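Listed below, chain by chain, are the residues.
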Amino acid sequence: MTNFWKTLGYRTAMDVLYFSGVHRMLAPLTRGCGLLYMLHRVTPARDEAFQPNAFLEVTPEFLEEVIVDTRAAGVEFVSITEAHRRLVEGDFAGRFAVMTLDDGYQDNLDVALPVFRRHRVPFTVFASSGIADGSCELWWLALERIIAENSAVRIDFEDQRKTVQAGTTAEKDAAYVQLCHWIGYELDEHAQRRAIRALARDAGLDLRALCRSLAMDWDGLRRLKAEPLATVGAHTVGHHAVARMSEAEARAQMAEDVARHEAELGERPQFFAYPYGGKQAAGARDFAIAADLGFKLAVTTRPGQIFPCHREHLTALPRVSLNGLYQKRRYVELLRGGAPFALYNGFRRLDVA
Ligand SMILES: [Zn+2]
């Protein structure tokens, strides 16, 4: 199934749920005590036809709408530190929301921060130290750039030799789906990076320059950290799906990231987000490592709200994605009510295995 049909399918389901009013009937059952919103990039809308990573970008106007609507629904924005306190102390008198942004993109500072300041919303950025160093390959964005700028992509990697056409927008979309699946799922975490380096070399793309152009460096993160509303959390050294690594590698990815944050920012990070964050990227073993390393809270990208029972699973928290393909107030209202997660999770509140 292509992304397009998947999107249309989910959208139709969301619209049926919304316009039927069923979500409002379910809300007393499906609403948690809190929710952790997940964002990546906050940027003005772009008009290119080929935008395979559009789901990772929302506009500042949409972010503003989400903030206003969330407050109007009686949900209080709190810092991640305060959310941790409420969970640990069992303080569930009012519903809370936490804004989180993954990876450490420059637009978090330039575009999102002014919105958060204007509305006095605390937020947390989970930054990978390799991204701040400029040494992380950001393969999903590199792949987008390579396909956008070339009418064919030459693959000359280990035992693979072929050319993928990328002339028209349809070809580019298909090439992205095919190559993203190969690099992101078929190759292991190490081969994945060798492959994107080979593709970038053949296409003349400077991976370090790409990372530098999109992400905050340590000076940027220090500026961010000086903001009273901001918290900086950890996100592994090399932005890896830790569940696909050995236990020793997974632990090193987390522990070395903590050490780099502490050395550069002067404070040990207390919060962590698993890169990619889905079931294949972070599992029970990794939740235990995060707890062992002393993180107060660690967040996945598994969809869901926070319930009192999450007190026992503080390093396996679900989040509510603010997805760039769903920038409509009604979709966020649905997610805030919790009905889509309850239906998706079969009304189970915990998904921590
Ligand atoms: Zn990430």
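Residues numbered from 1 in each chain as written. Predicted model: local features only at pLDDT ≥ 70, side-chain atom pairs only at ≥ 80, totals over all residues. Heavy atoms only, no water.

J.: Describe the packing of aromatic side chains, listing the residues and the values that go with them.
T.: Following the criterion strictly, the structure yields ten aromatic pairs and no others. Ring geometry for Tyr-326 against Tyr-331: centres 5.4 Å apart, planes inclined by 80°, an arrangement best described as edge-to-face. Exposure class is identical for Tyr-326 and Tyr-331. Each is buried. Every member of this aromatic cluster is reached through a ring pair, and the members are Phe-272, Tyr-274, Phe-287 and Phe-295. Between Arg-41 and the ring centre of Tyr-105, over which it is positioned, the NZ or CZ distance is 5.7 Å. (Phe/Tyr/Trp six-rings, centres within 6.5 Å; stacked < 30°, edge-to-face > 60°. Buried < 20%, exposed > 50% of the residue type's maximum accessible area, 1.4 Å probe, protein only. Lys NZ or Arg CZ within 6 Å of the ring centre and 35° of its normal.)

J.: Describe the pattern of salt bridges, listing the residues and the values that go with them.
T.: According to the stated counting rule, one finds 32 salt bridges in the structure shown. Between Arg-222 and Glu-264 there is a salt bridge; the shortest N-O distance is 3.0 Å. In this pair, Arg-222 sits in helix H11 (residues 218–225) while Glu-264 sits in helix H12 (residues 247–265), placing the two residues 42 residues apart along the sequence. When its relative accessible area of 35% is taken as the criterion, Arg-222 is described as partly exposed. Each of Arg-41, Arg-46, Glu-48, Glu-57, Asp-107 and Glu-144 takes part in salt bridges that share partners, so that together they form one network. (Salt bridge = Lys/Arg side-chain N within 4 Å of Asp/Glu carboxyl O. Helix = DSSP H or I, 4+ residues; strand = E, 2+ residues; numbered from the N terminus.)

J.: Could you give me a rundown of unusual backbone geometry, with the residues and numbers involved?
T.: Despite not being glycine, Arg-120 shows a phi value in the positive range, around 50°. Topologically, Arg-120 is positioned in the loop between helix H5 (106–119) and strand E6 (123–127). Among the residues examined, Arg-120 registers a relative accessible area of 64% and is labelled exposed. Non-glycine residue His-239 carries a positive phi angle of around 55°. In this fold, His-239 is placed in the loop between strand E9 (230–234) and H12.

J.: Describe in detail H12, supporting the description with residues and values.
T.: Compared with an ideal rise of 1.5 Å per residue, which puts 19 residues at 27 Å, H12 spans 27 Å between its outermost C-alpha atoms and is within 8% of the ideal. What H12 keeps buried is the set Ala-250, Gln-253, Met-254, Asp-257, Val-258, His-261 and Leu-265. The buried residues of H12 occupy an angular sector of 120° when projected down its axis, which confines them to one face. Of the residues in H12, the exposed ones pointing more than 90 degrees away from the buried face are Ala-248 and Ala-263. Among the structural elements, E6, helix H6 (129–133), H11, E9, strand E10 (271–273) and helix H13 (284–292) are those in contact with the buried residues of H12. Following H12 by one or two positions, Gly-266 has its phi on the positive side, about 80°. (Expected span 1.5 Å × (residues − 1). Arc of directions from axis to C-beta. Contact = heavy atoms within 4.5 Å.)

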